[in-house]
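A structural walkthrough
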Amino acid sequence: MATLLGVVFMGSATILQVTVVGRINMLEGAADLVLLVLLGWVLHARAEGVWQWGVLAGAFIGITSAQPVWLPIISYLSITAVGYLIQTRVWQIPLLNLLTTTIAGTLIIHSLTSVYLTVIGTPLQLSEIFNLVILPSIFLNLLIALPIYSVMTAITNWVYPPEVEV
Amino acid sequence: MNSTSPRPWQSITIVLIVIGILALALGGYLTPITRAVLTPITPVQSWLSTRFQAFQTVFTAPNDTALIQQRNAELEAEIARLQTQIIELQQQVTEVEILTSLLDFAKAQPENDYEAAAVIGQDPSPFLKYIIINKGSDDGLRRGMPVVSEQGLVGRIAAVTANAANVQLITDPAAVVNVRIQPAEVDATLQGSITSEITLDLIPQDAEIQPGDLILTSGLGGNYPANILVGQIASVRQQATALFQTASVQPVVDFERIEIVLIIVNFQPIDISPLIPEPTPVP
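Here the structure is a predicted model, which is why all the values come from computation and not from measurement.

So, how was this worked out
- Residues numbered from 1 in each chain as written.
- Chains lettered and ligands numbered in written order.
- Predicted model: local features only at pLDDT ≥ 70, side-chain atom pairs only at ≥ 80, totals over all residues.
- Helix = DSSP H or I, 4+ residues; strand = E, 2+ residues; numbered from the N terminus.
- Rg over C-alpha atoms; globule rule 2.2 N^0.38 Å.
- Buried ≥ 20, exposed ≤ 12 C-beta atoms within 10 Å, placed from the backbone.
- Contact = placed C-beta atoms within 7 Å.
- Nonpolar A, V, L, I, M, F, W, Y, C, P; charged D, E, K, R; others polar.
- Domains from an automatic or database assignment.
- pLDDT = per-residue confidence, 0-100.
- Pairing = 2+ DSSP bridges.
- Expected span 1.5 Å × (residues − 1).
- Axes fitted to C-alpha atoms, helices over the stretch in contact; angles between N-to-C directions.

Looking only at helices and strands, chain B features two helices and twelve strands. For chain B, the α and β elements follow one another from N to C terminus as α-α-β-β-β-β-β-β-β-β-β-β-β-β. For chain B, whose C-alpha radius of gyration is 45 Å, the value lies well above the compact-globule estimate of 19 Å for 283 residues. If you line up chain B on its principal axes, its C-alpha atoms span 170 × 45 × 35 Å. For chain B, buried positions account for 25% of its 283 residues. When contacts within chain B are restricted to residue pairs at least 6 apart in sequence, those whose partners lie at least 24 apart make up 55%.

Structure, rendered in structure tokens:
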């Protein structure tokens, strides 16, 4: 069930990212809907199949992007790990978890991509990457993180109804 | 007998009076009297009529409101339908204009065969300046084919699936295009960047170039056909200590609004990498 939902949600999020969200830019940065949907799922204690969702997110982005498939899979699995760790081991404050993992996730994705591009010989400047891509992307992600998280909370409650104490 | 005798005289008198009054009325002699009588009545009549109409409106209003609301809803639906139709027609007009421009472009260069494709997305990574088009290998597209618009060079196909293809724009940081500057007839290389700005590099120091000069593909390297318009020089940077001049370029293609592109399907890119000598290790 969780994996099937993951296919549906990650597929939809990727299509929206490629067609709509990716075109709304601030400087050179853009919001990452797939990242936020993934975090919205991972940060719920009752959610299952978080690792499958991580792989699916990376696979969908890898298929649509010009970067090699393994790169986004590694990126989104790392984000899943960070989100899972923070959710289970560190804090139990949803809002703080969300903001922290959003910032960390954006940093992870863009850092790994820029390292890969630098290794294959693409000329990139660190200051440009940070000022024009990473910071605006973090801002945009934080801007839409809460609404996405609310939607994912509603979906999680629908899939896994909370236990009622009698 | 006595009790009935006066009645005929009374009746005759009344009839005569009535005839007299009628005759006076027909002759217009009673008009001042009528006016004098009706003058105070008219305002009263108006007042009563207004109040009656107000009451009538109150009692008949619910039916009228329902009818008006229904009619209003119908008209709003009609407006919405017409507005949708206007938007669709405007989109069709825009599409026709673009297609006409593309057709003109294709006619101007009859040596090339073109395949038109719509832009359906862009790369999810902000580091990569790629677009996704709705034609793929099923439509005869192959990796390396040049992509143009009615304005000029867009990029080249980087990856192909059956029904879609990834196009690397010339603004991509990893994109390099060999170009020629007109009218100076100087070769240079065009390099994209993460900010989508494109710059010219490797321009000889003695080349006389200036803002406004045209930039066309040179065809060197075998990746692009020659003489496709790329842009204009916006500014030139020349340093006495540098080996080459550099220049920033204003592309002719608006990459933010690109909707339909043409793929030159009869151009075969040439891979010259085997001809490039590898550096030999120094013992």
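For the rest of this paragraph, the subject is the interface of chain A and chain B. At the junction of the two partners, chain A supplies 24 residues and chain B supplies 19 residues. Every element with two or more residues in the side of chain A that touches chain B is listed here: α1 (2-19), β2 (29-30), α3 (50-64), α5 (94-119) and α6 (126-159) of chain A. Residue contributions to the side of chain A that touches chain B peak at five residues, all from α6(A). For the side of chain A that touches chain B, the per-class residue count stands at ten nonpolar, eleven polar and three charged.

Before going further, it helps to spend a moment on the domain arrangement of chain B. All names here are of chain B. Examined at the domain level, chain B breaks down into domain 1 (9-108) and domain 2 (114-269). For domain 1 and domain 2, the distance between their C-alpha centres works out to 67 Å. Contacts between domain 1 and domain 2 engage seven residues on the former and six residues on the latter. In terms of residue class, the side of domain 1 that touches domain 2 is built from five nonpolar, one polar and one charged.

Turning to the confidence of the model for chain B, a few remarks are in order. Should the pLDDT be low somewhere, the predicted coordinates at that spot are not to be read in detail. Residues and elements named next belong to chain B. Across chain B, the average pLDDT comes to 86, with 95% of residues at or above 70. Across chain B, element-level confidence peaks in strand β5 (residues 165-169) with a mean pLDDT of 94 and bottoms out in helix α2 (residues 31-108) with 82. Both scores are given for the predicted complex: the pTM is 0.75, the ipTM 0.88.

What follows covers the pairing of strand β1 (residues 114-122) of chain B. Residues and elements named next belong to chain B. Bridge count for β1 against strand β12 (residues 260-264) is five bridges, and the pairing is antiparallel. Bridge assignment links E115 to a residue of β12, and that residue is I263. Inspection of the sheet shows β1 paired to strand β2 (residues 130-133) by three bridges, in the antiparallel sense. Note that in β2 the partner of Q122 across the bridge is I131.

The next subject is the environment of P8(B). All names here are of chain B. Mapped onto the fold, P8 is located in helix α1 (residues 6-26). A tally of 9 C-beta atoms within 10 Å means that P8 is categorised as exposed. The sequence separation of P8 and S273 amounts to 265 residues, and the corresponding C-alpha distance is 139 Å.

All names here are of chain B. In this structure, the amide linkage connecting Q182 to the following residue, P183, adopts the cis form with an omega of 5°. Tracing the chain through its elements places P183 in the loop between β6 (176-182) and β7 (186-191). Backbone geometry places E185, a non-glycine residue, at a positive phi of 55°. For E185, the position within the fold is in the loop between β6 and β7.

All names here are of chain A. Within the element layout of this structure, L43 appears in the loop between α2 (33-42) and α3. Taking the C-alpha atoms as reference, L43 lies 14 Å from L77; in sequence the two are 34 residues apart. When residues no more than four places from it in sequence are discounted, the contact partners of L43 are G83, Q87, P94, N97, L98 and T101.

Time to look at α3(A). One full turn of an α-helix is made of 3.6 residues, so residues set three or four places apart face in the same direction. The terminal C-alpha atoms of α3(A), which comprises 15 residues, lie 21 Å apart, in line with the 21 Å expected from a rise of 1.5 Å per residue. Burial in α3(A) covers these residues: W53(A), G54(A), L56(A), A57(A), G58(A), F60(A), I61(A), G62(A) and T64(A). Check the buried side of α3(A) and you find it contacts α1, α2 and α4 (70-90) of chain A together with β2 of chain B.

This paragraph deals with the sheet that holds strand β10 (residues 229-237) of chain B. Residue and element names in this part refer to chain B. Strand order in the closed barrel made by the six strands is β6-β7-β8-β11-β10-β9, with antiparallel pairing throughout. For this sheet, the mean inter-axis angle between neighbouring strands, taken without regard to orientation, is 40°. Across six bridges, β10 lies against strand β11 (residues 244-251) in antiparallel orientation. By the bridge assignment, Q232 is partnered in β11 with Q250.

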